[in-house]
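Residue-level structure breakdown
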Amino acid sequence: MSRFNLIDEAWIPVRKLDGERAELSIREVLLQAKNIAAIEDASPLVTASLHRFLLAVLYRALEGPTDIDQAKAWFRDGLPEDRINAYLDRWRDRFWLFDEKFPFFQIPDFQPKTWRAWTVLAAEHNADNAKVLFDHIDVTRPDAVPPAAAARWLLATQTFSVSAGKSELSHTGTAPSATAVVVLPLGRHLEDTLLLNLAPQNRAVCADDLPVWERKPESVASLKAGAKRTIAGYADRYSWRTRSIRLRGDQDGNVTALAFASGVENASKDSIDPMLGYRIDDKNGKLPIQFRDRGLWRDFDSLLPDDTKLAPEVIEHATALTRHDRSRFPRSIMVLGQSNSKAKIEFWRLERFALPEALLSNASIRAEIHQLLADAEANQQALWRACKSFARDLLSRGERVPDGKDIGRFVEQMPVSAAYWSTLEAAFHDVLRSYTAESDPDAIRLAWLKTVRSALLDAWRRHAASVSVSDAWAIRALVRAEDAKDAINAQREKLNREIQQYETYKQSQEETA
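About the cut-offs
- Residues numbered from 1 in each chain as written.
- Predicted model: local features only at pLDDT ≥ 70, side-chain atom pairs only at ≥ 80, totals over all residues.
- Heavy atoms only, no water.
- Helix = DSSP H or I, 4+ residues; strand = E, 2+ residues; numbered from the N terminus.
- Rg over C-alpha atoms; globule rule 2.2 N^0.38 Å.
- Buried < 20%, exposed > 50% of the residue type's maximum accessible area, 1.4 Å probe, protein only.
- Contact = heavy atoms within 4.5 Å.
- Areas by Shrake-Rupley, 256 points an atom, 1.4 Å probe, with all protein chains shown as cover.
- Lys, Arg positive; Asp, Glu negative; His and termini not counted.
- Charge placed at Lys NZ, Arg CZ, Asp CG, Glu CD.
- Axes fitted to C-alpha atoms, helices over the stretch in contact; angles between N-to-C directions.
- Parallel < 35°, antiparallel > 145°, perpendicular 65-115°, else oblique.
- Left-handed = near helix turned anticlockwise from the far one by under 90°.
- Nonpolar A, V, L, I, M, F, W, Y, C, P; charged D, E, K, R; others polar.
- Pairing = 2+ DSSP bridges.
- Phe/Tyr/Trp six-rings, centres within 6.5 Å; stacked < 30°, edge-to-face > 60°.
- Polar contact = N/O pair within 3.5 Å; in protein donor to acceptor, adjacent residues only side chain to side chain.

A few points about the overall build of the protein chain
Per the secondary structure count, the protein chain includes 16 helices and 15 strands. Since a compact globule built from 513 residues should have a radius of gyration of about 24 Å, the 26 Å found for the protein chain is in line with a globular shape. Evaluated residue by residue, the protein chain yields a buried proportion of 53% over its 513 residues. Here the contacts in the protein chain between residues at least 6 apart in sequence split such that 71% fall between residues at least 24 apart. Surface exposure of the protein chain reaches about 23,400 Å², of which carbon and sulfur atoms provide 48%. Put simply, the protein chain has 70 plus and 73 minus side-chain charges, and the middle of one group is 4 Å from the middle of the other.

Structural notes on unusual backbone geometry
A cis amide bond links Gly64 with the next residue in sequence, Pro65, at an omega value of 10°. The topology assignment puts Pro65 in the loop between α2 (44-62) and α3 (68-77). Backbone geometry places Phe4, a non-glycine residue, at a positive phi of 60°. If you check the backbone angles, Glu63 has positive phi at about 55° while not being a glycine.

Section: the environment of Leu45
Structurally, the position occupied by Leu45 is in helix α2. Classification of Leu45 by relative accessible area gives buried; the value is 4%. Sequence separation between Leu45 and Trp297 is 252 residues, and the spatial gap between their C-alpha atoms is 19 Å. Residue contacts for Leu45: discarding those within four places in its chain leaves Ala123, Ala156, Phe160, Gly337, Gln338 and Trp348.

What about the packing of helix α13 (residues 416-434) against helix α14 (residues 441-467)?
It is the contact of α13 with α14, at a shortest axis distance of 9 Å, that shows an interaxial angle of 160°. By the criterion of interaxial angle, the relationship of α13 to α14 is roughly antiparallel. For the pair α13 and α14, the crossing hand works out as right-handed. Counting all contacts with α13, which are made through Val416, Ala419, Tyr420, Thr423, Leu424, Ala427, Phe428, Val431 and Ser434, the residues of α14 involved are Ile444, Trp448, Thr451, Val452, Ala455, Leu456, Ala459, Arg462 and His463. Its residues assigned to classes, the contact of α13 with α14 shows 13 nonpolar, four polar and one charged.

Section: the sheet that holds strand β10 (residues 255-262)
What the three strands build is an open sheet, ordered β6-β10-β9; its pairing is antiparallel. The sheet is open, and its two edges are formed by β6 (116-117) and β9 (243-249), each paired on a single side. Pairing analysis gives two bridges linking β6 to β10, with the strands arranged antiparallel. By the bridge assignment for β10, Arg116 is matched with Leu258. Those strands touched by helix α5 (residues 147-160) are β9 and β10, and its axis lies near 165° from that of β9.

Points about the packing of aromatic side chains
Aromatic ring pairs are defined here through the distance separating the ring centres and the angle between the ring planes. Inspection of every chain in the model, using the stated rule, returns 19 aromatic pairs. Considering the side-chain rings of Tyr87 and Trp91, the 6.5 Å spacing of their centres and the 45° angle between planes classify their relative orientation as tilted. Here Tyr87 and Trp91 have matching classes, each one buried. Ring centres 6.1 Å apart and planes at 70° place the aromatic pair Phe428 and Trp448 in the edge-to-face group.

What about the environment of Arg188?
Within the secondary structure layout, Arg188 lies in the loop between β7 (182-186) and α6 (190-196). Along the sequence, Arg188 and Glu368 sit 180 residues apart, while their C-alpha atoms lie 27 Å from each other. Ignoring anything within four residues of it in the chain, the contact list for Arg188 reads Leu17, Ser327 and Arg328. A distance of 2.9 Å separates a polar atom in the side chain of Arg188 from a polar atom in the side chain of Asp192.

Note that all results are geometric; they support no functional claim without further evidence.
What follows is the structure, given as structure tokens:
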């Protein structure tokens, strides 16, 4: 029996413009998008997956955009409701969460050797590779989960599953964009957000760009043999069958267990995801930007467009749509994703950044912000050398020559660099907001250099103050760390000279004016 149709049932969590929180159906979300502030879920992976899913629906319902002019027309006039309704009516039978022939995003004839707990769908509860502290769900005896939550996690696991190297079916690997930073420009309301991320594809690609619900489910035999194909387009990418899943429900419609194995292998490894930024690796070529142990803000320039075409396409698209209507320029972007070590999930993350308005008129803004971040990195190196000198003298305790690895580990646990970066992170968000259409890049860099100088000196002074009340060995190491003093003092003098140059130039400009 068919149960829980995603087009009609409430399952997508939203925050409306008036602050009310609710769960809505696909139809309600798309037709009421102007009254919705944002899609919001406790899981960043679910939030990203829901946006990508809705975009896939729009690509098929609108059969475009096929060029920037069509995208601008929809951005001006709004989403065409008649086309959305017609599409949802046509494909309604493919959106049943439970169905004998076409259960949504599932393999209907998959009979596993072992039924798994529903927790395998959710990174927050999956004991296989991401058991979370304070998560007390017993994965061997979990309670049933409501169909709305199961639907959300079904999308998230298809978007973000990483390879574990084992499967009841043929092993096919990780989701196409599972370990990359996903970027979403945010508009005034959800309709703007969706249109800002609806990057054009050419007409031929759009015609063959079928999402998973328009495709016939793969047979278990083909999946065992190793199903493999190329990505047809953005709708296909946003609904890729990374895992073969079949949900099992109870009489109340809740999900109690599921079949779970590898899905379809992506044969087009080099295809571009419009929500990802890229970098060039000397050995491996173009690679997506990923989360690292350090804050993403330190690599923020990689998300901004320039002639290299490595920035997320959605950023370039959002800029093109709003170039002549700055009131609708996306004031912020959301970055989401996870970090992994092979099949183990290290963390998942959601961050927000102001998107510099100067993108609309300043073609060199990526290079300018790159220089600001390079300034910060260069000064941190001086701080690191100071900390290394202190650590070496402290660990030597006489004539002993400490091992280099021990010195490195000691420096890593010192709070000096953390204090430095913490100060600069807050200041960097202010810098992004200061990049308006009328801003002066020289004035921004001058203020930034002063902030870097202050952060550098304050971080070392706080360290010295904490050591001054420590034991004799630590005080002795601080006194003997002449290299440390020289490194920081040399960097301070370099900053002073550069700051003086900017101030002199600024004064001459004011006098000329």
